[in-house]
Amino acid sequence: MKSLLHLQQTNHQAAIEGNHIPASPSNKIKLATVTGPVSHLLRGERTALNTLSRCSGVATLSRKCVDIAKSNNWHGLVAGTRKTTPGFRLVEKYGLLVGGAATHRLDLSQMVMLKDNHVWSCGGSIAEAVKKARVVSGFSQNIEVECQSLEEAFVAAEAGADVVMLDKF
């Protein structure tokens, strides 16, 4: 809706953000009312609708994943760890939050991430890779280890990894 605000328009939000809205072709729901000059509405409507649709889709899928985790008695976090669409990073990260998931990290500077090639460069030792990463990253930077098995996850946790990501698990 911010794209519309830049075009001298006002809007009124009709739905509460984060609530599930049971919309369907036969049950249309009014999300907002936007007023302003027609030429301005037409310039901003596609951008606003596409952005809202993208964010809503991410939030909906995130909520489904969080609900599945909770129904299986998972007490950890569900985090969006995949790459974002160019130009939509903030929109998609916000959708994760609205859907109840964690954002993992905003960009590469927010966490040290050890992947298999980093572990291989340390002789295949996850513990050694974590140790070396801790030395160069300092005490305040979190270290995440991407693990391919439960055994690797335990090794990473015991080595002091702050985050263990189960990749293709």
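Structure shown above.
All values reported here derive from a predicted model rather than from experimental measurement.

(A) Main features of the nonpolar core. One finds Leu114, Ile126, Ala129, Val130, Val145, Cys147 and Ala156 to be the most contacted residues of the largest nonpolar core, which totals 13 residues. Of all the secondary-structure elements, those providing two or more residues to this core are α5 (126–137), β4 (143–147) and α6 (150–159). Among the elements that take part in this core, α5 stands out by supplying four residues, more than any other. If we skip the residues at most four places from it in the chain, Ile126 touches Val119, Val145, Glu152, Val155 and Ala156.

(B) Structural context of a nonpolar patch on the surface. There is a patch of nonpolar side chains on the surface, built from Ile29, Leu31 and Leu52 and spanning about 220 Å² of accessible area. If you trace the backbone, Ile29 turns up in the loop between β1 (10–13) and β2 (32–35). Ile29 gets classed as partly exposed once you look at its relative accessible area, which sits at 37%.

Rules of the game
- Residues numbered from 1 in each chain as written.
- Predicted model: local features only at pLDDT ≥ 70, side-chain atom pairs only at ≥ 80, totals over all residues.
- Heavy atoms only, no water.
- Core = buried A, V, L, I, M, F, W, Y, C linked by side-chain atoms within 4.5 Å.
- Buried < 20%, exposed > 50% of the residue type's maximum accessible area, 1.4 Å probe, protein only.
- Helix = DSSP H or I, 4+ residues; strand = E, 2+ residues; numbered from the N terminus.
- Contact = heavy atoms within 4.5 Å.
- Patch = residues over 30% accessible without salt bridge, like charges linked within 9 Å, V, L, I, M, F, W, Y side chains within 5 Å.
- Areas by Shrake-Rupley, 256 points an atom, 1.4 Å probe, with all protein chains shown as cover.
- Salt bridge = Lys/Arg side-chain N within 4 Å of Asp/Glu carboxyl O.

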